[in-house]
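Take a look at the letters that make up each chain.
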Amino acid sequence: MEWNFLTAEKLAAALRAGEVSSAELTDEAIARIERDDKAINAICVPDFDRARAAARDADQARARGEDRPLLGIPVTVKESYDIAGLPTTWGMPPHRDYIPAEDAVQVSRLRAAGAVVLGKTNVPLGLQDVQTFNEIYGTTHNPWDHGRTPGGSSGGSAAALASGFGALSIGSDIGGSLRTPAHFCGIYAHKPTLGLAANRGMVPPTAPALPTEPDLAVVGPMARTARDLALLLDVMAGPDPLTLGVAHQVTLPPARHERLHDFRVLVLDEHPLIPTGSAVRAGVARVADALADGGARVERHSPLLPDLSEAATLYMQLLFSGFGAAFPVETYERLRTHAAGLAADDRSLDAARLRGVVFSHRDWIEANNRRELHRHGWRRLFTEFDAVVCPITPTPAFPHDHNPDLLERRIDIDGVEYPYLDQLVWAGLATMPGLPATAIPTGHSPEGLPVGVQLIGPTFEDRTPLRLAELLEQKIGGFQPPR
């Protein structure tokens, strides 16, 4: 049997039934990587010897009667997570030889759940791109079209899953880095509620792996089905045992509904600051039609929806204020001079990004206070709706663009060019207020490229968009291997 594209859930059942061993699954996954990854370049740091040893250990544990959620299942890990004995570079050449001594907390949780780690997946330089390439490991290609990007920054993980390299992967998200690669590669991903999953050890090379709580950023699961996402989220969820975990445990509430016709869904496909391409609009429409056909209440407008323009501006300001904190002093001062020269009435997203880079603490507090108003607005909206369906980016996967100046890049939306970074506004809709969002495949563009959408849910009700994703998978189909 061909095991590489089976779900983690089915693999676990086969392992429990004795139909296959973890050693066999691991050998088959490694063989596929060695055969196919030369063209994709998703696995940048293989760890095959230790994977085979872990698989043998898993088989022995099962023979002793043990059973854990991921026991014996081959998985991959985004390069940005610390794994003891393997390089963690974030694609930055000065750190190509940095090897941490301890596993990230999420890697430890994978191992405790019995997973077999095949290796690490490629990332863009500093995790700061919607693509995946760097000088150390090269370019990762979209399995559907090698001339296009798989997305970023978890692009290596998405390409690996779409190629059958392991059943699950873990990534991270601050600018759509879980959701955009899922959308571009035709898989599933879940951006958890901010703070739900501990992120210690998902840090830039040489930085200490401390239990910090970074603004906006989350770690989360990637898979080929919605049920597998939920399985992996259960492994990842929970506070850091060094901090909140001393006193708290996580018990996520169940999904609000189990049947499609009970869901109340707001569907969006237009943004005031950037158009949505025809292929993505069609994907949103397929989901809206499936919801309506299944008896769900579907609305296209609501006065309770927080202002999308202000949400995008706040997101860009908060996102880039975090980036600016790490800039050299001379760079910061040059940008501050540039920002001071902006016209007072310049409300473009370019201006929002520049102003955010040089935010004072006072500026940040003001923006954060406005964010709290948005959070309250979302809480009110989710008294009337259970989920919001909307794009992840305005287009399917685009051709590789390695121009080092992101401000010079453009994104083509139905023949018209727009600033490259403006495509982040849809991802930021969930990120800025810290909401959970599940990326699901909806089919393909006329050119045969995958098209996904995101299902945004209420804070800490992650099971609600995950359940809706599962129901939609039954209705419109899910992952398909690249042709």
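Look up a bit, the structure's there.
Residues numbered from 1 in each chain as written. Predicted model: local features only at pLDDT ≥ 70, side-chain atom pairs only at ≥ 80, totals over all residues. Heavy atoms only, no water.

Can you help me understand empty space enclosed by the protein in this one?
Summary: where empty space remains is shown by rolling a probe the size of a single water molecule over the atoms. Under the defined criterion, the tally for this structure stands at 2 cavities of 30 Å³ or more. One number sums up the size of the largest cavity: a volume of about 70 Å³. If you trace the largest cavity, you find it lined by Trp 3, Asn 4, Leu 11, Leu 25, Ala 29, Pro 74, Gly 164, Gly 166 and Ala 167. Taken together, the residues that form the lining of the largest cavity break down as 6 nonpolar, 3 polar and no charged. Around the second largest cavity, the lining residues are Asp 350, Arg 353, Leu 406, Leu 407, Arg 409, Arg 410, Pro 419, Tyr 420 and Leu 421. (1 Å grid on protein atoms, 1.4 Å probe; cavity = no way out; pocket = protein on both sides within 12 Å on 5 of 7 lines; lining within 4 Å. Points joined across faces, edges and corners; volume = space filled by probe spheres on them. Nonpolar A, V, L, I, M, F, W, Y, C, P; charged D, E, K, R; others polar.)

Explain the pattern of salt bridges to me, please; I cannot follow it from the model alone.
Close approach of charged atoms allows side chains of opposite charge to pair. Using the criterion set out here, one finds 32 salt bridges in the structure. A salt bridge links Arg 32 to Glu 2, with the nearest nitrogen and oxygen atoms 3.9 Å apart. With Arg 32 in helix α2 (residues 22–40) and Glu 2 in the segment before α1 (8–16), this pair connects stretches of sequence that are 30 residues apart. Judged by its relative accessible area of 13%, Arg 32 falls in the buried class. Judged by relative accessible area, Glu 2 falls into the partly exposed class, the value being 44%. Across the salt bridge formed by Arg 35 and Asp 36, the nearest N and O atoms sit 2.8 Å from each other. Given the relative accessible area of 56%, Arg 35 is considered exposed. One salt-bridge network, held together by shared partners, links Glu 9, Arg 227, Glu 258, Arg 467 and Glu 470. (Salt bridge = Lys/Arg side-chain N within 4 Å of Asp/Glu carboxyl O. Helix = DSSP H or I, 4+ residues; strand = E, 2+ residues; numbered from the N terminus. Buried < 20%, exposed > 50% of the residue type's maximum accessible area, 1.4 Å probe, protein only.)

Would you mind showing me how to read unusual backbone geometry here?
Most of the time, phi is negative for any residue but glycine, and the peptide bond is trans. A cis geometry characterises the amide bond from Gly 152 onward to Ser 153, with omega recorded as 5°. With respect to the element layout, Ser 153 can be found in the loop between β5 (138–139) and α5 (155–162). Its identity as a non-glycine residue notwithstanding, Leu 216 has a phi of 75°, on the positive side. By the secondary structure assignment, Leu 216 is in the loop between β7 (188–191) and β8 (218–223). Classification of Leu 216 by relative accessible area gives buried; the value is 2%.

I keep staring at the packing of aromatic side chains and nothing clicks. Help me out?
On inspection of all chains with the given rule, the structure shows 5 aromatic pairs. Ring centres of Phe 320 and Phe 323 lie 5.1 Å apart, and the angle between their planes is 75°; this geometry places the pair in the edge-to-face category. On the criterion of helical spacing, the pair formed by Phe 320 and Phe 323 is a turn pair, its members being 3 residues apart in helix α9 (residues 308–324). Note on Phe 398 and Tyr 420: the rings are 5.8 Å apart at their centroids and 80° apart in plane angle, and the pair reads as edge-to-face. Taken together, the positions of Phe 398 in the loop between β11 (387–390) and β12 (410–413) and Tyr 420 in the loop between β13 (416–419) and α13 (425–431) put the pair 22 residues apart, joining distant regions of the chain. Exposure class is identical for Phe 398 and Tyr 420. Each is buried. Here the aromatic cluster, defined as three or more aromatic residues joined through ring pairs, consists of Phe 184, Phe 398 and Tyr 420. Across the ring face of Phe 479, the terminal group of Arg 224 is positioned such that the distance to the ring centre comes to 6.0 Å. (Phe/Tyr/Trp six-rings, centres within 6.5 Å; stacked < 30°, edge-to-face > 60°. Lys NZ or Arg CZ within 6 Å of the ring centre and 35° of its normal.)

Mind showing me how you'd approach the sheet that holds strand β6 (residues 168–173) here?
The strands making up a sheet are joined through hydrogen bonds of the backbone, oriented either antiparallel or parallel. Strand order across the open sheet formed by 11 strands is β1-β3-β2-β6-β8-β7-β14-β15-β11-β9-β10, with mixed pairing between neighbours. Each having just a single partner strand, β1 (43–46) and β10 (297–299) make up the two edges of the open sheet. Strand-to-strand, the axes of this sheet are offset by a mean angle of 30°, without reference to chain direction. In this sheet, β11 lies alongside strand β9 (residues 264–267) in parallel orientation, the contact comprising 3 bridges. Considered in β11, the bridge of Leu 266 is made with Val 388. Running at roughly 20° to strand β3 (residues 116–121), α2 makes contact with β1, β2 (74–78) and β3 of the sheet. (Pairing = 2+ DSSP bridges. Axes fitted to C-alpha atoms, helices over the stretch in contact; angles between N-to-C directions. Contact = heavy atoms within 4.5 Å.)

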